[in-house]
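# Reading the structure
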Amino acid sequence: MVLSHAASDSDVSVHSTFASRYVRTSLPRFKMPENSIPKEAAYQIINDELMLDGNPRLNLASFVTTWMEPECDKLIMASINKNYVDMDEYPVTTELQNRCVNMIAHLFNAPLGRDETAVGVGTVGSSEAIMLAGLAFKRKWQNKRKAEGKPFDKPNIVTGANVQVCWEKFARYFEVELKEVKLSEGYYVMDPEKAVEMVDENTICVAAILGSTLNGEFEDVKLLNDLLVLKNKENGWDTPIHVDAASGGFIAPFLYPELEWD
């Protein structure tokens, strides 16, 4: 979440670095100016402020794309005037999305029949994807508990303490208890054994990461799955796994094709 602070008297104007007759006086920071300025000057002022943001090319965080082909930039600009969520108005965009969903489903070995179509949805980013996935896990768990006549008011998820902050946001926004597996010195990913120990009848899912936020390391999804299958069988549960592969989903299939995680 972006933190803000109250403006001081000396922080209420935007000052331009470049001398110009259009910006001889400072512009108000929080109000519309009395007079207009040319588009070139407005662009320059905003562009100068944005330079203070982090440079993606110098950012080693696991969830940042540092470069992409110019053709991708062109496609983004060609689609920037489309209201992506209005599927009736932009059916071709929706069709392309559905084709991408199916490509990814086959890449990740989804259990599809020969003529079966995968179901999925494109999102603005991984944070939105986590919100939708987490909400689906919660609703599925609640519906199952209701059908069994059991309490359904205390759901929880199990993650490692190294998860991206969007998981913490999901837990807070949708009233789900977050049970975090603490990290230890020299071991900076979730321990599958400790994670499964935390699972109970109210656990809506266990979240593993393919590309940890801290160091890009892949968590042991195979071991987590094997341990969780045993616990589910012992207790008659069907607690699922969600693999957060926002940074590793397009890396593992090509660099580590033998890795079992999907």
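By the naming in an unreviewed UniProt entry, the protein goes by Glutamate decarboxylase and is assigned to Brassica juncea. The UniProt entry for the protein carries the following comment under Catalytic activity (unreviewed entry): "L-glutamate + H(+) = 4-aminobutanoate + CO2". UniProt lists a comment for the protein under the heading Sequence similarities (unreviewed entry), and it reads "Belongs to the group II decarboxylase family."

### Side note on the pattern of salt bridges
Using the criterion set out here, one finds seven salt bridges in the structure. When the shortest N-O distance is used, the salt bridge between lysine 150 and glutamate 148 registers 3.5 Å. Given the relative accessible area of 36%, lysine 150 is considered partly exposed. Looking at glutamate 148, the relative accessible area reads 38%, which means it is partly exposed.

### With respect to the packing of helix H4 (residues 126–147) against helix H5 (residues 165–173)
With their axes 9 Å apart at the nearest point, H4 and H5 run at an angle of 45 degrees to one another. Relative to H5, H4 is oriented oblique. Relative to H5, H4 is oriented so that their crossing is right-handed. Here H4 contributes Ser127, Ile130, Met131, Gly134 and Leu135 to the contact with H5, which in turn contributes Cys166, Trp167, Lys169, Phe170 and Tyr173. Looking at the contact of H4 with H5, its residues break down into seven nonpolar, two polar and one charged.

### Some words on the side chain of asparagine 232
Examined against the element boundaries, asparagine 232 turns out to sit in helix H7 (residues 221–235). Among the residues examined, asparagine 232 registers a relative accessible area of 11% and is labelled buried. A distance of 3.0 Å separates a polar side-chain atom of asparagine 232 from the backbone oxygen of threonine 239. Excluding anything up to four places from it in sequence, asparagine 232 contacts Trp237, Asp238 and Thr239.

### With respect to H7
In an α-helix there are 3.6 residues to a turn, and that puts residues three or four apart on one side. In this model, H7 (15 residues) spans 21 Å end to end at C-alpha, consistent with the 21 Å of a helix rising 1.5 Å per residue. Among the residues of H7, those classed as buried are Val221, Leu224, Leu228, Lys231 and Asn232. Along the axis of H7, the buried residues cluster in a sector spanning 100 degrees; they form a single face. Exposed and oriented more than 90 degrees from the buried face of H7 are Lys233 and Glu234. On its buried face, H7 is in contact with helix H6 (192–198), strand E5 (203–209) and strand E6 (241–244). Looking one or two residues beyond H7, the residue adopting positive phi is glycine 236, at roughly 75 degrees.

Reading guide: rules and limits
Residues numbered from 1 in each chain as written. Predicted model: local features only at pLDDT ≥ 70, side-chain atom pairs only at ≥ 80, totals over all residues. Heavy atoms only, no water. UniProt positions renumbered as here; feature names shortened; annotations may be inferred. Salt bridge = Lys/Arg side-chain N within 4 Å of Asp/Glu carboxyl O. Buried < 20%, exposed > 50% of the residue type's maximum accessible area, 1.4 Å probe, protein only. Axes fitted to C-alpha atoms, helices over the stretch in contact; angles between N-to-C directions. Helix = DSSP H or I, 4+ residues; strand = E, 2+ residues; numbered from the N terminus. Parallel < 35°, antiparallel > 145°, perpendicular 65-115°, else oblique. Left-handed = near helix turned anticlockwise from the far one by under 90°. Contact = heavy atoms within 4.5 Å. Nonpolar A, V, L, I, M, F, W, Y, C, P; charged D, E, K, R; others polar. Polar contact = N/O pair within 3.5 Å; in protein donor to acceptor, adjacent residues only side chain to side chain. Expected span 1.5 Å × (residues − 1). Arc of directions from axis to C-beta.

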